Amino acid sequence: MKIPLVDLQSQYRSLQADIDAALLSVVRRADFVLGREVTQFEEAFARFIGVRHCIGVGSGTDALFLSLRALGIGAGDKVLIPANTFIATALAVSDAGATPVLCDVDPDSYTLDIASAERALISGVKAIIPVHLYGQPADMEGIQHFANKHGLIVIEDAAQAHGAVHRLGRVGTFGRASAFSFYPGKNLGAYGDGGAICTNDDRLAEQIRLLRNWGSTVKYIHRVQGYNSRLDTLQAAVLLVKLQHLHDWNQRRRELAGQYREALHCVSDQLVLPKEASWCREHIYHLFVVSLRFADRDRVIQHLHNQGIGAGIHYPVPIHLQEAYPNLGAPGSFPVAERKANQILSLPLYPEMTSEQVKTVAIALGNALRLAPG
Ligand SMILES: *Cc1c(COP(=O)(O)O)cnc(C)c1O
């Protein structure tokens, strides 16, 4: 690929000396599990988000799962989530023994639609997990109002939004807990799996610290039946180096998104460009997702790939149409999520991308739209 969807190799090259030194330092000390860098990273990330506690865990999926477990959500409980998200949002709910209840999304921001949540609300719903999709905050003011009205716990899925800012505050500071993923391709990515939970609740933080470490804080003394899900020290070392660059990388993503907007303006009759919601202060463009009005998407993607340009779909199949979840809604239940799933297209975007590359992608996409009118 000449211009891949994400380019993790060029990011490594730009940080090579620091990353290598950080990794070697862990290896030389053999400080592999809950080592020094894990605590350092937890403190630094808590400061970055603006919360009292950050607890490093094994993945973003585990961050959601452990939050639910620590909040006592399990068998017999129901949890509202949007129909278009990465499958992990739903899996965390099921893993905890609870049942996901889906709602549709707002057609402009693709984030959880509160009117739809209101319609989906049934007895047994204990919590709601808004997803800050593609790097854009969900409507947290509306969601908190809705949650307060119905006595629901809010857990934020911030796996795609490290540093995104809502008009009323930074993403990750709204919920009882918020879950972050450090999967390599995320805005802040490790060199393997990793995740974290942020919270201002002291007791919840302590409970999650227990749960991630076999229910133990003192060796061989187990207060609860926990799990083995800790942020690896090697991953924390990588994340500590990268965290120093996250703000600049997010700003660069925003700048590149602006360049895409300009370059794609001339085909805006055929494309819906990403919209920044009225409640959004800083969209951090984890993904730059356009929506094709008419074109044949498979042919557009084929054409882009032929030109050496990466393109993806996030996500092609809503949760209720996945084979894994046959009972969460018939086709047609969530029309916005379903329509979007058939039209969306993610274009290459990473902080190391050049303005020249943005132009190249925009021209190739313009040509593809002409060649595949649908
Ligand atoms: C990546 C992602 C997750 C899961 O994170 P992992 O670290 O891969 O387990 C959860 N929710 C959303 C919206 C994601 O994008």
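Right, let's walk through the structure included here.

**Here we look at the pattern of salt bridges**
Line of reasoning, step 1. Across all of its chains, the model carries 13 salt bridges by this definition.
Line of reasoning, step 2. Among the salt bridges present, the one from glutamate 37 reaches arginine 29, with a minimum N-O distance of 2.4 Å.
Line of reasoning, step 3. The class of glutamate 37 is buried, set by a relative accessible area of 6%.
Line of reasoning, step 4. For glutamate 141, the salt bridge goes to arginine 167, with nearest N and O atoms at 3.3 Å. One end of the pair, glutamate 141, is in helix α6 (residues 140-150); the other, arginine 167, is in the loop between β6 (165-166) and β7 (169-170), and 26 residues separate them in sequence.
Line of reasoning, step 5. By sharing partners, the salt bridges in this structure join Arg29, Asp31 and Glu37 into a single network.

**Quick look at the sheet that holds strand β12 (residues 288-292)**
Line of reasoning, step 1. Taken in spatial order, the three strands of this open sheet run β10-β12-β13, and their pairing is antiparallel. At either margin of the open sheet sits one strand with a lone partner, and together these are β10 (271-272) and β13 (344-347).
Line of reasoning, step 2. Pairing of β12 with β13, which is carried by four bridges, proceeds in the antiparallel orientation. Among the inter-strand pairings, serine 291 is bridged to a residue of β13, identified as isoleucine 344.
Line of reasoning, step 3. Contacting β10, β12 and β13, helix α8 (residues 233-264) crosses the sheet at an angle of about 25° to β12.
Line of reasoning, step 4. Along the sheet, helix α11 (residues 355-371) makes contact with β10, β12 and β13, crossing β13 at roughly 150°.

**Observations regarding the sheet that holds strand β5 (residues 153-157)**
Line of reasoning, step 1. Taken together, the seven strands give an open sheet; going across it, the order is β1-β9-β8-β5-β4-β2-β3, and neighbouring strands pair in mixed fashion. Every other strand in the sheet has two partners, leaving β1 (53-57) and β3 (99-103) as the edge strands with one partner each. Strand-to-strand twist in this sheet, taken as the mean axis angle between neighbours without regard to direction, amounts to 30°.
Line of reasoning, step 2. Taken together, the three bridges between strand β2 (residues 78-82) and strand β4 (residues 125-128) define a ladder with parallel strand orientation.

**A word on helix α7 (residues 202-212)**
Because the α-helix completes a turn every 3.6 residues, residues three or four places apart line up on one side.
Line of reasoning, step 1. The complete set of buried residues in α7 reads Leu204, Ala205, Ile208, Leu210, Leu211 and Arg212.
Line of reasoning, step 2. Tucked into the core, α7 has its buried residues touching α2 (36-49), β1, α3 (60-70), β8 (177-181) and β9 (195-199).
Line of reasoning, step 3. A side-chain oxygen of the first residue of α7 lies 3.1 Å from the backbone nitrogen of arginine 203; this N-cap is aspartate 201.
Line of reasoning, step 4. Positioned one or two residues after α7, tryptophan 214 has a phi angle of 55°, which is positive.

What counts, and where the lines are drawn
- Residues numbered from 1 in each chain as written.
- Predicted model: local features only at pLDDT ≥ 70, side-chain atom pairs only at ≥ 80, totals over all residues.
- Heavy atoms only, no water.
- Salt bridge = Lys/Arg side-chain N within 4 Å of Asp/Glu carboxyl O.
- Buried < 20%, exposed > 50% of the residue type's maximum accessible area, 1.4 Å probe, protein only.
- Helix = DSSP H or I, 4+ residues; strand = E, 2+ residues; numbered from the N terminus.
- Pairing = 2+ DSSP bridges.
- Contact = heavy atoms within 4.5 Å.
- Axes fitted to C-alpha atoms, helices over the stretch in contact; angles between N-to-C directions.
- Polar contact = N/O pair within 3.5 Å; in protein donor to acceptor, adjacent residues only side chain to side chain.

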